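# Residue-level structural notes
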Amino acid sequence: PAWRIHSVDVDGETLPVEESVAHTTPFATLMRFSTPRSAGQPKVLLVAPMSGHFATLLRDTVRTMLQGHEVYITDWHNMRDVPLRAGRFGLDEYTEHVMHFLEAIGPGARTAVVSGPATSLDGCPRHPRSSRVRPLWRCGCDPHRWTRWRVRATSCGRDRRSSPSPMPARAH
């Protein structure tokens, strides 16, 4: 489905939204949403669930985050449409995709995970947890610099965002 995010209201002003493809792989498309005010604002990667739902179900979350961020979102392709020659896609490949997307976005990107992705991406956004990646408490990153947004669906089907909370420090 189309994203249908053409404008957002920020401080009483209606701003146009630009939608573009930032990166594509056989398994996912990294979408970018920005407004004329996005330059200089924090970049956030919204990691959509891979549960068979369309990422466009998070359009209200994208609209909300656009008020103060340049927003990127993972749009996972339907696996039935991915050719077998594209290779394996397990947890490690999923985590590597998110890491590559963060590299494509650039330094300082924050992550917001929805539902299932949270378990494999627990840690700092530069070094998500994976069998091939050093864990947070050894990577040298300051865990207090990163935030985790908890996104929940409300009963009316619209998304809401809670306040950011510092990533918990891990014991050695």
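Read on for a plain summary of the structure. These numbers were taken from a predicted model, which means no experiment stands behind them.

Following the sequence through the fold, T111 ends up in strand β7 (residues 110-113). Look at T111 and you get buried, because its relative accessible area is 14%. For the pair formed by T111 and V98, sequence separation is 13 residues and the distance between their alpha carbons is 9.6 Å.

The first and last C-alpha atoms of helix α2 (residues 91-105) sit 21 Å apart over 15 residues, in line with the 21 Å expected at 1.5 Å per residue. The set of residues buried in α2 consists of D92, E93, Y94, T95, H97, V98, M99, F101, L102 and I105. Positive backbone phi, at 110°, marks G106, one or two positions downstream of α2.

Look at any regular strand and the pattern is simple: side chains alternate between the two faces of the sheet. The buried fraction of strand β5 (residues 43-47) amounts to 4 of the 5 residues, a majority that puts the element mostly inside the structure. The sheet contact formed by β5 and strand β6 (residues 70-76) spans 4 bridges and is parallel. Within the sheet, the bridge partner assigned to V44 lies in β6 and is V71. Sheet topology places β5 next to β7; 4 bridges connect them, and they run parallel. Note on β7: the bridge partner recorded for L45 is T111.

Relative to strand β2 (residues 13-16), strand β1 (residues 7-10) runs antiparallel, the two being bridged by 4 bridges. Bridged to D9 within β2 is T14. As consecutive antiparallel partners, β1 and β2 are separated by 2 residues, and within that stretch D11 has a phi angle of approximately 50°, a positive value.

This part is about the packing of aromatic side chains. Each aromatic ring pair is described using two quantities: the centre-to-centre distance and the angle formed by the ring planes. On inspection of all chains with the given rule, the structure shows 5 aromatic pairs. Both rings, one in W3 and one in F33, keep their centres 5.0 Å apart while their planes meet at 65°; by these two values the pair is edge-to-face. With W3 in the segment before β1 and F33 in strand β4 (residues 28-34), this residue pair connects regions lying 30 residues apart in the sequence. Geometrically, the ring pair formed by W76 and F101 is tilted, given 6.4 Å between the ring centres and 40° between the ring planes. Taken together, the residues span a long stretch of sequence, with W76 in strand β6 and F101 in helix α2 at a distance of 25 residues. In this structure, W76 and F101 share a single accessibility class: buried. Joined through ring pairs, the aromatic side chains of F27, W76, F89, Y94 and F101 make up one cluster.

Calculation rules
Residues numbered from 1 in each chain as written. Predicted model: local features only at pLDDT ≥ 70, side-chain atom pairs only at ≥ 80, totals over all residues. Heavy atoms only, no water. Helix = DSSP H or I, 4+ residues; strand = E, 2+ residues; numbered from the N terminus. Buried < 20%, exposed > 50% of the residue type's maximum accessible area, 1.4 Å probe, protein only. Expected span 1.5 Å × (residues − 1). Pairing = 2+ DSSP bridges. Phe/Tyr/Trp six-rings, centres within 6.5 Å; stacked < 30°, edge-to-face > 60°.

These values are about where atoms sit, not about what they do.
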